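Inside the fold
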Amino acid sequence: MLRCPSQRLLDRIVRRYAEVPDAGSIYMDHLTDRDKLRLLYTLAVNSHPILLQIFPDVEGWPFPRYLGSCGRLVVSASTRPLHDFFGAAAEVAADLALQLLAVLRSMATNDLNYFFYFTRVDAGTFGVFSNGHLFIRDASTLGIIDKEEGSQLIDGQQDYKDIFSCLTVDCQSAFVSCDSIREKHSLVMVCQDLLPKLLAGKFMSPMQERIDAFLQRCAHGLGEHQGSNEVMEELAEILKPLRSCDSRFAYRYPDCRYSDKY
């Protein structure tokens, strides 16, 4: 989360950290020494609960609602992991794949100009609520780049390391350059590790061949001149006719009967 820190992101963490009585101040003087240590330790061990607090679901972010924590135990709304749906019906798989693309799009392009990227993805990274709505179930593997303010690029060989820079990696190791993270980064990982398992063998020919060919091209990094939004829109146009509108998809039913948006 803090591999590419900016002052704006750090201010947001301090201001929205909910484990203090007077959360909301932009200054750290409302935090006791114990509060500061708890915040730094949580960021170092598992940034998931911090992300749920500073980017809450009520503001439209694709995370489950944070309900509280105690030690290493975090309480949030329950979801089923995505791997439970690898054997789901074709229309369910198409719907989840479309939601996955929408989440990636919102992580790359949003009103706050933060670019979220995954350091890794697996079948437990995403979850599905009982109403069929897909969310990021495990946010601990997310990194954030501030597109508005720019990140404080870190040189792994510099003598001085601030405490935030050392939370996620060994300060003796070389840091991954923030400039090396491309907008297609998360999409390529999803095409490699998740979408093939979700969509494999689900559809009739020639639609399945079109999907398989797209995923293979996507998994190999796509073309240099094709943006991630264009790529996601291409796959979305293939998948949209394959999903259905019924009560299994309660998060968009019955709205989907009256609007193409759903």
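For the structure itself, consult the block above.
The model shown is predicted, which means the values in this text are computed figures rather than measured ones. (Residues numbered from 1 in each chain as written. Predicted model: local features only at pLDDT ≥ 70, side-chain atom pairs only at ≥ 80, totals over all residues. Heavy atoms only, no water.)

Thoughts on the overall build of the protein
How we decide: Secondary structure elements follow DSSP: runs of H or I no shorter than four residues count as helices, runs of E no shorter than two count as strands, and numbering proceeds from the N terminus. A simple rule labels every residue: compare its accessible area, found with a 1.4 Å probe on the protein chains alone, to the largest value its type can have, and call it buried under 20%, exposed over 50%, or partly exposed in between. Whether two residues are in contact is decided by their heavy atoms: any pair within 4.5 Å suffices. Note on areas: Shrake-Rupley with a 1.4 Å probe; residue coverage comes only from the protein chains shown.
Looking only at helices and strands, the protein has eight helices and seven strands in total. A burial count over the protein gives 47% of its 262 residues as buried. Across the protein, the fraction of contacts at a sequence separation of at least 24, relative to all contacts at a separation of at least 6, is 68%. Split by element, the accessible area of the protein, about 13,400 Å² in all, is 51% carbon and sulfur.

A closer look at the sheet that holds strand S6 (residues 134-136)
Put simply, the rule reads: If DSSP finds at least two bridges between two strands, the strands pair. Here an angle of 0 to 180 degrees is reported between the N-to-C directions of two axes, which are lines fitted to C-alpha atoms, with helices fitted over the stretch in contact.
What the three strands build is an open sheet, ordered S3-S5-S6; its pairing is antiparallel. At either margin of the open sheet sits one strand with a lone partner, and together these are strand S3 (80-81) and S6. Lying over the sheet, helix H4 (residues 90-108) contacts strand S5 (126-128) and S6, oriented at roughly 40° with respect to S6.

A closer look at the pairing of strand S7 (residues 142-146)
Within S7, five of the five residues are buried, which leaves the element mostly enclosed by the surrounding structure. Taking every second residue as pointing to the same face, both faces of S7 are buried, with Leu142, Ile144 and Asp146 on one and Gly143 and Ile145 on the other.

What about the nonpolar core?
Selection criterion: The term nonpolar core refers to a set of buried residues drawn from Ala, Val, Leu, Ile, Met, Phe, Trp, Tyr and Cys, joined through side-chain atoms within 4.5 Å.
One finds Ile13, Phe55, Leu195 and Leu199 to be the most contacted residues of the largest nonpolar core, which totals 69 residues. The biggest single contributor to this core is H4, with 12 residues. Counting seven residues, the second-largest nonpolar core is a separate cluster that includes Cys4, Ala108, Tyr117 and Ile181.

Re the state of the cysteines
What counts is decided by this rule: Disulfides are defined as pairs of cysteine sulfur atoms found within 2.5 Å of each other.
Under the definition given, this model contains two disulfides. The partner cysteine of cysteine 191 in its disulfide is cysteine 218, sulfur to sulfur 2.0 Å. Looking down the S-S bond of the cysteine 191 and cysteine 218 bridge, the torsion is 80°, so its handedness is right-handed. Placement of cysteine 191 in helix H5 (residues 185-193) and of cysteine 218 in helix H7 (residues 207-219) is noted, with a sequence separation of 27 residues between them. Judged on exposure class, the residue cysteine 191 and its partner cysteine 218 are both buried. Disulfide partner of cysteine 245: cysteine 256, at an S-S distance of 1.9 Å. Disulfide cysteine 245-cysteine 256: the torsion about the S-S bond is 80°, which places it as right-handed. Residue cysteine 245 is located in the segment after helix H8 (228-239), and its partner cysteine 256 is located in the segment after H8; the two are separated by 11 residues in the primary sequence.

So, the packing of H4 against H5
To keep things clear, this is the line we draw: An angle counts as roughly parallel when it lies under 35 degrees, as roughly antiparallel when it exceeds 145, as roughly perpendicular when it falls between 65 and 115, and as oblique in every other case. Left-handed describes a crossing in which the near helix is turned anticlockwise from the far one by less than a right angle; the clockwise case is right-handed. All amino acids are sorted into three groups, where Ala, Val, Leu, Ile, Met, Phe, Trp, Tyr, Cys and Pro are nonpolar, Asp, Glu, Lys and Arg are charged, and the leftover types, Gly among them, are polar.
Closest axis-to-axis distance for the H4/H5 pair is 10 Å, and the angle between their directions is 160°. When the axes of H4 and H5 are compared, the pair comes out roughly antiparallel. You can see that H4 and H5 cross each other, and the crossing is right-handed. Facing Leu100, Leu101 and Leu104 of H4, the residues of H5 in contact are Ser186, Leu187 and Val190. Residues belonging to the contact of H4 with H5 are distributed by class as follows: five nonpolar, one polar and no charged.

Some thoughts on the layout of surface pockets
The condition that has to hold: Grid spacing is 1 Å over the protein atoms alone, the probe is 1.4 Å, and a cavity is where that probe fits but cannot get out, while a pocket is an open set with protein on both sides within 12 Å along at least five of seven lines and lining residues have an atom within 4 Å of a point. Grid points are joined across faces, edges and corners, and a volume is the space filled by probe spheres set on the points.
Considering only enclosed or pocket space, the largest pocket measures out at about 630 Å³ in volume. What lines the largest pocket is a set of 23 residues, among which Leu98, Gln99, Ala102, Val103 and His133 lie closest to the centre. The set of elements that each furnish at least two residues to the lining of the largest pocket consists of H4, S6 and H8. Per-element tally for the lining of the largest pocket: the top contributor is H4, with seven residues.

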